[in-house]
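# Structural features, examined
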Amino acid sequence: MLQSLTASRLGHLRNSPGFTGQGAKQLMRCAWLAIACEAAVLLFRPIQSWLLTAHLNVAERLCQWQFRPADLQAIILCGALLMFALVYVWALEIAEENKGFV
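These figures come from a predicted structure and were not determined experimentally.

## With respect to helix H4 (residues 69-101)
In a regular helix each residue adds 1.5 Å, so 33 residues correspond to 48 Å; H4 covers 48 Å between its end C-alpha atoms and thus fits that length. Where H4 is concerned, the buried positions are Asp71, Ala74, Cys78, Leu82, Ala85, Tyr88 and Leu92.

And the structure:
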């Protein structure tokens, strides 16, 4: 589902003849959505472990937070996507500025 959502959001990048403000806005939204999803995964992991062990005795219940290597990879990917979106926006600003000189 997230892949189809991202593909539809990034359609402006693929189909546009050049840089557009709409494409930059959609890429920025995708970056922030990815960051929000990764933050939710990290925050809800202790709750998930507690819910899975809620049927056990109080002494045996677990509420543990884990940081996996895939989490680091996802954080790096989200950061790279956000940086790419910012570079895209800055390139648009420079292009608009250059139109004023010509």
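## Remarks on the nonpolar core
Ala24, Leu27, Met28, Ala31, Leu82, Ala85, Tyr88 and Leu92 together form the largest nonpolar core, which totals 8 residues. Every element with two or more residues in this core is listed here: helix H3 (21-52) and H4.

## Quick word on H3
Taking 1.5 Å per residue, 32 residues should reach 46 Å; H3 reaches 45 Å between its end C-alpha atoms and fits that length. Of all the bends in H3, the largest measures some 40 degrees and sits at Phe44, one to four residues before the proline Pro46. Taken together, the buried positions of H3 are Gly23, Ala24, Gln26, Leu27, Met28, Cys30, Ala31, Glu38, Leu42, Arg45, Pro46 and Ser49.

## Concerning the side chain of Ser49
Within the element layout of this structure, Ser49 appears in helix H3. When sequence neighbours within four positions are dropped, the list of residues in contact with Ser49 reads Leu62, Cys63 and Gln64.

## Structural notes on the pattern of salt bridges
Per the counting criterion, the structure on display carries 1 salt bridge. Between Arg45 and Asp71 there is a salt bridge, and its shortest N-O distance comes to 2.6 Å. Of the two residues, Arg45 sits in helix H3 while Asp71 sits in helix H4, which places them 26 residues apart along the sequence. A relative accessible area of 5% means that Asp71 is categorised as buried.

## Structural notes on a nonpolar patch on the surface
Together, Leu43, Phe44, Ile47, Trp50 and Leu51 give the surface a local cluster of nonpolar side chains, amounting to about 540 Å² of exposed area. Mapped onto the elements, Leu51 comes out in helix H3.

## Regarding the environment of Glu93
Topologically, Glu93 is positioned in helix H4. In this structure the C-alpha to C-alpha distance between Glu93 and Gly21, which are 72 residues apart in sequence, comes to 9.6 Å.

Cut-offs applied
Each chain has its residues counted from 1, following the order in which its sequence is written. Note on the predicted model: pLDDT of at least 70 is required for a residue's local features to be given, and 80 or more for side-chain atom pairs to be given and counted; whole-chain, interface and lining totals, by contrast, use all residues. To obtain the side-chain values, all non-hydrogen atoms of the structure were included, while hydrogens and water were left out. Here a helix means four or more residues in a row that DSSP labels H or I, a strand means two or more in a row labelled E, and each is numbered from the N terminus. The length a helix should cover is 1.5 Å for every residue beyond the first. Buried means the residue's accessible area, taken with a 1.4 Å probe over protein chains only, is under 20% of the maximum for its type, while exposed means over 50%, and partly exposed covers the values in between. Remark: nonpolar core denotes a set of buried residues (Ala, Val, Leu, Ile, Met, Phe, Trp, Tyr, Cys) joined through side-chain atoms within 4.5 Å. At any given residue, the bend is defined as the angle formed between two axes, one fitted to the seven residues that end at that position and one fitted to the seven that begin there. Here a residue-residue contact requires only that any non-hydrogen atoms of the pair lie within 4.5 Å. Salt bridge criterion: a side-chain nitrogen from Lys or Arg within 4 Å of a carboxyl oxygen from Asp or Glu. Patch membership requires more than 30% relative accessible area and the absence of a salt bridge. Residues of like charge join within 9 Å; the nonpolar side chains Val, Leu, Ile, Met, Phe, Trp and Tyr join within 5 Å. Using a 1.4 Å probe, the Shrake-Rupley method yields the accessible areas, and only the shown protein chains count as cover for residues.

Purely spatial values, then, with no claim about function.
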